[in-house]
Amino acid sequence: MNKITTIAGQLNWVIEAGSAAYAFGVEPGGLLVPTYWGPRLPRREDYPSAARAGFAVFEDPVHNTPQEVPTGSSGDSNERTLDGHSADMNLRGFVLRYVSAEPHAGGVTVVLHDEVQGVEVRVRYEALEYHGLFARTISVRNFGERLVKLTRVFSGAFQLPDLGGFALTHIDGRWADEFGRVRRPVEFGTFSRESRRLTTSHRSMPFFALDREAPGYAASETSGEVWFGALQWSGNWKLITERTRPDRTVVHLGVNDHDFAWDLPPGEVFEAPRIVFGYTDAGFGAMSRAFHDYIRDDLAPRRDYIPPVLYNSWMATSFDVNEAQQVVLAEKAAGLGAELFVVDDGWFAGRNHDSAGLGDWYPDPTKFPRGLGSLASRVHGLGMKFGLWLEPEMVNPDSELYRSHPDWIIHFPGRERTLSRNQAIVNFAREDVQDHMLLTIDRLLTDTPIDFIKWDMNRNVSEPGWPGHERDQRELWVRYVRGVYRVWGELRRRHPDVIWENCSGGGGRVDLRMMALSDQTWISDNTNAASRLLIQDGYSLVFPASTMGAWVADDPFPADIAATGSENPVHYSLDFRFQVSMAGALGIAGDLAQWSEAECSAATQHIARYKSLRHVITRGDLYRLAPPTHGSISGFIYVAKDKSEAVLFVHRGFRERATDNETLRIDGLEPSAVYTIEGQDVAMSGRAWARIGYQPVLKNLEGAVLHVQRR
Ligand code: GLA
């Protein structure tokens, strides 16, 4: 049971979720302070009470007392959650003291005031119905009589227990190489990861996991303590780890304060995005499973989403699309067993290359003289859903939209408008732009029977200006993202049957908030099977397989050529490519017109098999068994919630050295139940599979997808 408790006679609260607890309270000076983050304790009285830190020379207690909403203004020189000033600058910073607490289902909201600045901060805490997960949001209200300018509003500061050093696991990457998993010691001073790109970015994402650094205390996949969190936000963000003297580690996370400002006139409220955070003593695997359950069962727009097998024609036909040729591909895709046919970029007016067309969201009359309706009905006739690519936030200067509204793009007056991929960004912060896009896409979805939209976003921001905005133009960073949420959310509401795929040049905007708008994600433009294993492994730290779009593409892979100028000398069989892509939301992106009969028949078999296992792959619990970065064999398993069956994936990628196949310990099965692994004669208990393990027989560049069944 999740509980929030107020300890009698004191201003101390404990929230509990699963086997974890988070506690905080009001110390005698009225500051809201953290008191505990770790495993749930047996007795309420076990949790520490809020107290002020002791005295040290040059570190007065008020400097030294960690706070739930640090503002620095009592004299401590550490990182802050909140910063800002009165419009006349006479009053800079905030001093927040406890005013009241409002309990609600699953949590409590603590109200803090700065009476001099006239600002109220509400910190809302919630226990979530998932193992060890909590949520926290803050809002700032101006109850004074003057404008307050906010210059930083993070969503949380998380104080780690006083246990010495920690290591930070975070994500590092770039286009076509997203979701790299990095673990590094938290040094004294600060270390930050951030996005300044208007989107979450390919480089990293707003997520952290900390475990203890000291050898012998570090967490593994299956055991050890992990403190973690992620921000529900799809724009600029910042993560700071701060290690101060005396040895204390704090993690800060929120909307980026880089070039950020927000005008808060009297009576208005600024709401910061939510952070989901948690604790487990069962390692990184348990952390991931908590996130996966939370995303699938709580955040996701469709609770029981089972992704359809998709065919996307982008890699086959690029911009050169027309009805007859798409029909040929659709017939072939249907023959293989695809359930959804998607026409990617290239279908709309003037889109013969990447220099024109974006913004004019109606079918190109030369390519589709009969509109899209006849292709859609042909696709439906083949028993598949019909999908389309859109990039609503973008415009080419060579488009009707740009010619009629040149002021609608993000720009600074007088400065050159830097283009990227020949396109500019439509300013979704503007309400007139949002209304126009709503109308345009709503019409498209009403006029054509479209079942699926891939919403793409293919550039970084430049000249982030918003001329004409009556308030501080730096509000752009937040209002833009909220504008995207409004348009996308409203379209979802009006067209509840449409499935939405999130894409930003692959995984450029992947975060918890996007999980609430989209059903699945195109996680990378890199379809190289070996790269994909790494990218999928990193993605799985937070996001579930049900959302993980994974295409079987033709080898040589386009991303290798785009990134290095040459094709990768290592090639992967069609079987291997399926064995990688079947781990998520399976898609096909090869040029089917060129596939041999043997390839088509192999693909048909893989797709049928995927369909028979996908309920476990997309709804089961993931256990990572051996990472693709290490050893000869990598593997992971999806175990059905009732433990009656599982799907085991094993891969032997390219190895420079001759190595034997290692043994995989198969975690996640019911210890006392007996299981068989497809192709193996033995039956063993779940505990035996986890301890004695399984040694795959794989040659170089071979993989397998194996059904595991309880006897
Ligand atoms: C982005 C996407 C690709 C494809 C192209 C089309 O790069 O990630 O999958 O849709 O745009 O231009």
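**Student:** Talk me through the overall build of the protein chain; I want residue IDs and the actual numbers.
**Tutor:** Broken down by element type, the protein chain carries 14 helices and 36 strands. Taken over C-alpha atoms, the radius of gyration comes to 26 Å for the protein chain, in line with the 27 Å a tight globule of 711 residues would show. A principal-axis box enclosing the C-alpha atoms of the protein chain has dimensions of 80 × 70 × 45 Å. Taking all contacts inside the protein chain whose residues are at least 6 apart in sequence as the whole, residues at least 24 apart take part in 68%. With the model as given, the accessible surface of the protein chain reaches about 26200 Å², and the carbon-plus-sulfur share is 49%. Measuring between centres, the 75 positive side-chain charges of the protein chain sit 2 Å from its 92 negative side-chain charges.

**Student:** A description of the nonpolar core should follow, citing residues and the corresponding values.
**Tutor:** Ranked by internal contacts, the top residues of the largest apolar core, which has 170 residues, are Phe207, Trp347, Tyr480, Leu512, Phe543 and Tyr638. Sort the elements by how many residues they give to this core and helix H8 (residues 476-494) lands first, with 10 residues. Core analysis: the second largest hydrophobic core is formed by 23 residues, Leu648, Ile666, Leu669 and Met684 among them.

**Student:** Any chance you could break down the sheet that holds strand E29 (residues 548-552) for me, citing the residues and the numbers?
**Tutor:** Within the closed barrel, the eight strands sit side by side as E21-E22-E23-E26-E27-E28-E29-E30. Their pairing is parallel. For this sheet the average axis-to-axis angle between neighbouring strands, irrespective of direction, equals 30°. Pairing of strand E27 (residues 499-502) with strand E28 (residues 520-522), which is carried by two bridges, proceeds in the parallel orientation. Bridge pairing in E28 places Asn502 opposite Thr521.

**Student:** Can you lay out helix H10 (residues 529-539) for me, pointing to particular residues and giving the numbers?
**Tutor:** By the criterion of burial, H10 is predominantly enclosed, with nine of the 11 residues buried. All of the buried residues along H10 are Ala529, Ser531, Arg532, Leu533, Ile535, Gln536, Asp537, Gly538 and Tyr539. Capping of H10 at its N-terminal end is provided by Asn528; its side-chain oxygen lies 2.8 Å from the backbone amide nitrogen of Ala530.

**Student:** Summarise the side chain of Thr244; cite the residues concerned and give the values.
**Tutor:** Its place among the elements puts Thr244 in strand E16 (residues 237-244). Residues within four places of Thr244 in sequence aside, it is in contact with Asn78 and Phe188.

**Student:** Would you mind going over the layout of surface pockets in detail, with residue names and values included?
**Tutor:** When its volume is computed, the largest pocket comes out at roughly 800 Å³. Surrounding the largest pocket, 35 residues form its lining, Glu221, Thr222, Arg624, Leu625 and Asp667 being those nearest its centre. Each residue belonging to the lining of the largest pocket can be placed in one class, and the counts come to 14 nonpolar, eight polar and 13 charged. Roughly 570 Å³ of internal volume is contained in the second largest pocket. Forming the walls of the second largest pocket are 29 residues, and the residues nearest its centre are Trp175, Arg421, Asn458, Gly505 and Asp525. When residues in the lining of the second largest pocket are grouped by element, the largest group, three residues, is from helix H11 (residues 558-564). Residues of the lining of the second largest pocket, tallied by class, amount to 11 nonpolar, 10 polar and eight charged.

**Student:** I'd like a rundown of the sheet that holds strand E33 (residues 645-652), residues and numbers included.
**Tutor:** Overall, antiparallel pairing links the six strands, which are arranged E31-E32-E33-E36-E34-E35 in an open sheet. Strands at the two margins of the open sheet, each flanked by one partner only, are strand E31 (621-626) and strand E35 (683-685). Neighbour-to-neighbour, the strand axes of this sheet turn through a mean angle of 25°, independent of strand direction. The pairing of strand E32 (residues 634-639) with E33 spans six bridges and is antiparallel. Within E33, the residue paired with Val639 across the bridge is Ala646. Across the sheet, helix H13 (residues 597-619) touches E31, E32, E33 and strand E36 (702-710), and the angle it forms with E33 is around 100°.

Rules of the game
- Residues take numbers from 1 onward in each chain, read along the sequence in its written order.
- Confidence filtering applies because this is a predicted model: local features only for residues at pLDDT of at least 70, side-chain atom pairs given and counted only at 80 or more, and all residues used for totals across whole chains, interfaces and linings.
- No hydrogens and no water enter the side-chain calculation; it runs on all heavy atoms of the structure.
- Comment: elements are numbered from the N terminus, with helices defined as DSSP H or I runs of at least four residues and strands as E runs of at least two.
- To get the radius of gyration, use the C-alpha atoms; to get the globule rule, take the number of residues to the power 0.38 and multiply by 2.2 Å.
- Two residues form a contact once any of their heavy atoms are found within 4.5 Å.
- Each accessible area is a Shrake-Rupley estimate made with a 1.4 Å probe; only the visible protein chains count as cover when residues are assessed.
- None of His or the chain ends enter the tally, which takes Lys and Arg as positive and Asp and Glu as negative.
- In this description, the location of a charge corresponds to atom NZ of lysine, CZ of arginine, CG of aspartate or CD of glutamate.
- As used in this record, nonpolar core signifies buried Ala, Val, Leu, Ile, Met, Phe, Trp, Tyr and Cys residues forming a set joined through side-chain atoms within 4.5 Å.
- Between buried and exposed lies partly exposed: a residue is buried under 20% and exposed over 50% of the maximum accessible area for its type, with that area taken using a 1.4 Å probe on protein chains only.
- Only strands joined by at least two bridges in the DSSP assignment are considered to pair.
- Angles shown run from 0 to 180 degrees and are taken between the N-to-C directions of axes, each axis being a line fitted to C-alpha atoms and, for helices, limited to the stretch in contact.
- Pairing of N or O atoms within 3.5 Å defines a polar contact, subject to two protein rules: one partner must be a possible hydrogen donor and the other a possible acceptor, and residues neighboring in sequence count only if both atoms are side-chain atoms.
- Two kinds of site are reported from a 1 Å grid over the protein atoms alone, namely cavities, where a 1.4 Å probe fits but cannot get out, and pockets, open sets with protein on both sides within 12 Å along at least five of seven lines, and residues are called lining when an atom falls within 4 Å of a point.
- Grid points are joined across faces, edges and corners, and a volume is the space filled by probe spheres set on the points.
- Gly is placed with the polar residues, together with every amino acid not listed as nonpolar (Ala, Val, Leu, Ile, Met, Phe, Trp, Tyr, Cys and Pro) or charged (Asp, Glu, Lys and Arg).

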